[in-house]
Amino acid sequence: MSLILFTLEGLLPPLFLPPGAKFGLSNVVTIVALYKLSEIDALIILSARIFLAGMFAGSPTVIFFSISGGILSLAAMILLRRTKKFSVVGISAAGGFFHNVGQIFAAIFFTNSRKIFLYLPILGTCGIFIGVLIGSLCALILRRECSFKNRLSR
C-alpha cells in the first residue's frame, strides 16, 4: 500500500508546495503500522518502500535522500510515541519536520554547502503542516479501525 500511495502521489501536480516538499501519502501506512503493528514492522515497511521506489526511479540519489529523511523521521516518531505524551497528529507533525531535516543534511552532504540549511524553515514548516494533515488522516483511520473492531465483537 505504501508503494502504491507513493506512486499515486508522484502523479499529482505539486500544487502549492515549494520545491522538495511532498504530501507524503505513503507515510500514512508507516504511521498506522507504527501504531497497529510494531516499530520493526514500520521500519521494514518504510525501508521496503524507499528501496523499491528508488529502484523504480532508477536513482541511488533518490534512495539516499529518502532514507536520510525517512529513518530520521521514523526515529523521532518512535521516540515521541514512547513518551506517551503526544497524539498521533503531534507525532506525525514531528515526523514531517524531521523528514525534512534529514533531507537537508543529505543535500548538504551532496552539495558540500551549508547554505542549504537556510531552506529548512520553509521545508520544515511544510513538513509540520503536511504532518498534521497526514496525522489527522491516520487518527481517523485508527479510530475507524477501533470502531470497526468494536462492532465486530458485539
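Computed from a predicted model, the values in this text were never measured in an experiment.

Turning to the nonpolar core, a few remarks are in order. With 19 residues, the main nonpolar core has Ile31, Leu34, Leu74, Met77, Val88, Ile134 and Cys138 as its most contacted residues. Of all elements in the fold, only α2 (27-36), α3 (39-57), α4 (60-83), α5 (88-111) and α6 (120-153) reach the threshold of two or more residues within this core. In contact with Ile134, not counting residues within four places along its chain, are Phe23, Gly24, Leu25, Asn27, Val28, Ile31 and Ser92. Within the second largest apolar cluster, five residues are counted, among which are Val101, Ile104, Ile108 and Leu120.

Before going further, it helps to examine the pattern of salt bridges. By the definition in use, this model includes one salt bridge. Between Arg82 and Glu39 there is a salt bridge whose closest N-O contact spans 2.5 Å. Separated by 43 residues along the polypeptide, Arg82 in helix α4 and Glu39 in helix α3 bring together distant segments of the chain. You can call Arg82 exposed: its relative accessible area is 53%.

Here the focus is α3. With 19 residues, α3 should reach 27 Å at 1.5 Å per residue; the first-to-last C-alpha distance of 27 Å fits that figure. Within the sequence span of α3, burial applies to Ala42, Leu46, Ser47, Arg49, Ile50, Ala53 and Gly54. All buried residues of α3 lie within an arc of 160° about the axis, which places them on one face of the element. Exposed side chains of α3 directed beyond 90 degrees from the buried face belong to Ile40, Ile44, Met55 and Phe56.

Reading guide: rules and limits
Residues numbered from 1 in each chain as written. Predicted model: local features only at pLDDT ≥ 70, side-chain atom pairs only at ≥ 80, totals over all residues. Heavy atoms only, no water. Core = buried A, V, L, I, M, F, W, Y, C linked by side-chain atoms within 4.5 Å. Buried < 20%, exposed > 50% of the residue type's maximum accessible area, 1.4 Å probe, protein only. Helix = DSSP H or I, 4+ residues; strand = E, 2+ residues; numbered from the N terminus. Contact = heavy atoms within 4.5 Å. Salt bridge = Lys/Arg side-chain N within 4 Å of Asp/Glu carboxyl O. Expected span 1.5 Å × (residues − 1). Arc of directions from axis to C-beta.

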